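As a plain string of letters, each chain reads:
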Protein chains: 2
Amino acid sequence: MNVYDVMIIGAGPAGLAAALYAGRKKLKTAVVSIDIGGQGNLTSHIENYPGVFPQPGMELMEKFHSQALRFGAELILGKASEIHQKQDLFEVSLASGETYVARALILTFGKVPRQLGIPGEDKFMGRGVSTCATCDAPLYKNKSVAVVGGGNSAVEAALELANHAKKVYLIHRRTEFRADGVTVDKVKASPRVELVLESIPLEIKGEKFVTGILVENLVTNKKKVLAVDGLFLEIGYVVDTSIAKDLVEVNENKELVVDSLGRTTCAGIFAAGDVTNTPFKQTIIAAGDGARAALQAYAYLTGKRVGPDWAH
Amino acid sequence: MNVYDVMIIGAGPAGLAAALYAGRKKLKTAVVSIDIGGQGNLTSHIENYPGVFPQPGMELMEKFHSQALRFGAELILGKASEIHQKQDLFEVSLASGETYVARALILTFGKVPRQLGIPGEDKFMGRGVSTCATCDAPLYKNKSVAVVGGGNSAVEAALELANHAKKVYLIHRRTEFRADGVTVDKVKASPRVELVLESIPLEIKGEKFVTGILVENLVTNKKKVLAVDGLFLEIGYVVDTSIAKDLVEVNENKELVVDSLGRTTCAGIFAAGDVTNTPFKQTIIAAGDGARAALQAYAYLTGKRVGPDWAH
């Protein structure tokens, strides 16, 4: 039986950093993922990753990927659908039917975009409704679009879209943004962005294509239609940890509960990145926690004392 | 009175990452440090920092530095010598006599190299005895040197020195190295490196210059002199947290105890990086934890709920 030392599920910043570190420790390492880069791909212009000058998130993730491969990690493209514990081993089944066995797992499969749940959303998803400004902004050259949300993702998406579209509505249900001050300043200074505050979208209008969004002002209760060709959802993410729920503890947000060393409540299962209960979903934090989880998995597998590299 | 929102003490990977994140949150931020880059400067060739292809540690730290400045952090060169709490504020005194006031502190001042405590060490420190292979390796072109230690730092120092010196002894008191397998393989394959295992240095010999090292084999108790021109200490580090010991809890290694969000036991004082009780002293981990401590300090200062950027 082909047994991996470590199987990492998810290939975003946390998973790829874990793969790099596991590989350097010469652990037999596999990464199972539906994509490469995860949420790391979705930033058009990452400027808050220490040590790296501004660049597309996708480029940064391609570097993570090549480093993971360089140190020997194997990449298996596919969706992990089940995890079972068999004595000291973990069996990971893919949706395709393949099954793999590993002595330790590192869960780094992140989160998926949240939807609004309003009429027209499902109908136009992927055809006018998008959850990835980085991916789809160039499609809206000289068109009008709207972004919904109030965090960094929403404000950054509006800025990104303003580079392409002639008009960008930023719809936010409050007056204050949760995004970083510097980013909010930029969006407020952009002549192409119009803030639609204290408002929520009620319906996406259109026959074959999106033609507008019905929004309601929460203070005046007035409704109006914004004429747009597309809508970008930047309202957060949901975490789907059902695959692991019988083995490890999850919190009220369904995030995997980890300790400060990346250990879940099940010995041999570690986790890092956005899928965990760490409150800050940042590339640099996911990468650091991924590295730490891999070193902790190495300590678990080898029975070596956990301590600083240089300790006596 | 000129009050900073956040004063960061130390400018290694953790401190500079914290400065970048604090600056992006538009906090009035200062970094006090005796140097820029800290331990991050000491790796000649960092290849395990995700997203960055192999480069000198000093170059990577220069990027961290420029990002911190770009987002508005102020750099104050000097040694912090005292910290006092005055109601809700912290007063930081420098060895030079200057005093600064901040609403929150992030302690990221790392650790300093450990010494052997053997005859000749103090006499030759900086003149044949070094704690920085990256800095001093080029001085030993075609000479003979020894490295003491068994972790990644020691093995990497031996490899770095083998690029310059004609002969490198790697003295380690055990037979197994704690360093990463890939790095150990490289040093074993190097024709210029000779392993001196199960041995410890007893004395550094020489009149005006280092001429040799007396080593003892711990198994046979035989002693011999290795003829070398220099000795590199890679035996670990000591943490000096005396500046904060009256305010925050430290562990048995004198490291600052932090929770998984970078909080010390004193409200308003945060910490990250090698100065904390995190067991893995790695650049990527320090950077991630520095970013997290800054976001947590921001939450403390603004009273904002701590949660993912995109949460409802």
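These numbers come from a predicted model, not from an experiment.

Caption draft 1: Looking closely at the sheet that holds strand β8 (residues 129-130) of chain A. All names here are of chain A. An order of β8-β15-β9-β10-β11 is seen for the five strands of this open sheet, with the pairing classed as parallel. This sheet does not close on itself; its edge strands, each paired only once, are β8 and β11 (193-197). Bridging between strand β9 (residues 144-148) and strand β10 (residues 167-172) involves five bridges; their strand directions are parallel. Note that in β10 the partner of V147 across the bridge is L170.

Caption draft 2: Focus on the packing of aromatic side chains. Under the counting rule described, the total for this entry stands at nine aromatic pairs over all chains. Measuring from centroid to centroid gives 6.0 Å for Y49 of chain A and Y49 of chain B, while their planes differ by 55 degrees, and the two rings are tilted. Note that Y49 of chain A is positioned in the loop between β2 (29-33) and α2 (57-70) and Y49 of chain B in the loop between β2 (29-33) and α2 (57-70), a pairing that runs across two chains. Judged by relative accessible area, Y49 of chain A falls into the buried class, the value being 0%. By way of ring pairs, the aromatic residues Y49 and F64 of chain A together with Y49 and F64 of chain B are connected into one cluster. Above the face of the Y237 of chain A ring, K111 of chain A is positioned so that its terminal group lies 3.6 Å from the ring centre.

Caption draft 3: Region of interest: the relation of the copies chain B and chain A. Laying chain B over chain A is done by rotating through 180 degrees and shifting 0.0 Å along the axis; what remains is an RMSD of 0.1 Å. What the superposition gives is, in effect, a two-fold axis relating one chain to the other. Both copies present the same face, since 98% of the interface residues in chain B are matched by interface residues at the equivalent positions in chain A.

Caption draft 4: Region of the structure containing the sheet that holds strand β15 (residues 230-233) of chain B. Reading across the sheet, the five strands line up as β8-β15-β9-β10-β11 (chain B) and stay open at both edges, with parallel pairing between neighbours. Across the chains shown, the open sheet's two edge strands, defined by having one partner strand only, are β8 (129-130) and β11 (193-197) of chain B.

Caption draft 5: Structural detail: the nonpolar core. Counting residues in each nonpolar core, the largest one holds 78 residues, and the members touching the most others are Y49, I106 and I284 of chain A together with Y49, I106 and I284 of chain B. The contact partners of I106 of chain A, leaving out residues within four places of it in the chain, are V6, M7, I8, I9, A18, F270, A293, A294 and A297 of chain A.

Caption draft 6: Here's a closer look at α2 of chain B. Residues and elements named next belong to chain B. The end-to-end C-alpha distance of α2, which contains 14 residues, comes to 20 Å, matching closely the 20 Å that a straight helix rising 1.5 Å per residue would cover. Taken together, the buried positions of α2 are G57, L60, M61, F64, H65, Q67 and A68. Each buried residue of α2 lies within a common arc of 165 degrees when the element is viewed along its axis, so the set occupies one face. In the core, the buried residues of α2 are packed alongside α1 (13-24), β3 (74-77) and α7 (283-302).

Caption draft 7: Region of the structure containing the side chain of D289 of chain A. Positionally, D289 of chain A belongs in helix α7 (residues 283-302). Among the polar contacts listed, one links the side chain of D289 of chain A to the side chain of R292 of chain B, at a separation of 2.7 Å.

Caption draft 8: The arrangement of the interface of chain B and chain A in detail. Contact with chain B, which involves 63 residues of that partner, is made by 63 residues of chain A. Between chain B and chain A lies a buried interface of about 5,800 Å² when both sides are counted; carbon and sulfur atoms form 54% of it. Between chain B and chain A we count twelve salt bridges in total. R24 of chain B is paired through a salt bridge with D180 of chain A; the nearest N and O atoms lie 3.2 Å apart. Linking chain B to chain A there are 26 residue pairs in polar contact (both at pLDDT 80 or more). Grouping the amino acids of the side of chain B that touches chain A by side-chain chemistry returns 28 nonpolar, 17 polar and 18 charged.

Caption draft 9: View of the pattern of salt bridges. Here the structure, examined in full by the defined rule, presents 30 salt bridges over all chains. Of the charged contacts in the structure, one is a salt bridge between R24 of chain A and E47 of chain B, with a shortest N-O distance of 2.7 Å. Here R24 of chain A is found in helix α1 (residues 13-24), whereas its partner E47 of chain B is found in the loop between β2 and α2 on a different chain. Summarising the burial analysis for this pair, R24 of chain A and E47 of chain B share the class buried.

Caption draft 10: Main features of the domain arrangement of chain A. All names here are of chain A. Each assigned domain of chain A is listed here: domain 1 (3-113 + 237-302) and domain 2 (129-233). If you average the C-alpha positions of domain 1 and of domain 2, the two centres end up 32 Å apart. Contacts between domain 1 and domain 2 engage six residues on the former and seven residues on the latter. Carbon and sulfur atoms make up 50% of the surface buried where domain 1 meets domain 2, a total of about 590 Å² over both sides. The three residues of domain 1 that bury the most area against domain 2 are L42, S44 and P113, which together make up 58% of that side's buried surface. Counting across the domain 1 and domain 2 interface gives one salt bridge. Between K186 and E47 there is a salt bridge whose closest N-O contact spans 3.5 Å. Taken together, the connections running from domain 1 to domain 2 amount to zero residue pairs in polar contact (both at pLDDT 80 or more). Residue composition of the side of domain 1 that touches domain 2, grouped by class: two nonpolar, three polar and one charged.

Conventions adopted
- Residues numbered from 1 in each chain as written.
- Chains lettered and ligands numbered in written order.
- Predicted model: local features only at pLDDT ≥ 70, side-chain atom pairs only at ≥ 80, totals over all residues.
- Heavy atoms only, no water.
- Pairing = 2+ DSSP bridges.
- Helix = DSSP H or I, 4+ residues; strand = E, 2+ residues; numbered from the N terminus.
- Phe/Tyr/Trp six-rings, centres within 6.5 Å; stacked < 30°, edge-to-face > 60°.
- Buried < 20%, exposed > 50% of the residue type's maximum accessible area, 1.4 Å probe, protein only.
- Lys NZ or Arg CZ within 6 Å of the ring centre and 35° of its normal.
- Least-squares fit on C-alpha atoms with pLDDT ≥ 70 in both.
- Contact = heavy atoms within 4.5 Å.
- Core = buried A, V, L, I, M, F, W, Y, C linked by side-chain atoms within 4.5 Å.
- Expected span 1.5 Å × (residues − 1).
- Arc of directions from axis to C-beta.
- Polar contact = N/O pair within 3.5 Å; in protein donor to acceptor, adjacent residues only side chain to side chain.
- Buried area = accessible area lost by both parts, 1.4 Å probe.
- Salt bridge = Lys/Arg side-chain N within 4 Å of Asp/Glu carboxyl O.
- Nonpolar A, V, L, I, M, F, W, Y, C, P; charged D, E, K, R; others polar.
- Domains from an automatic or database assignment.

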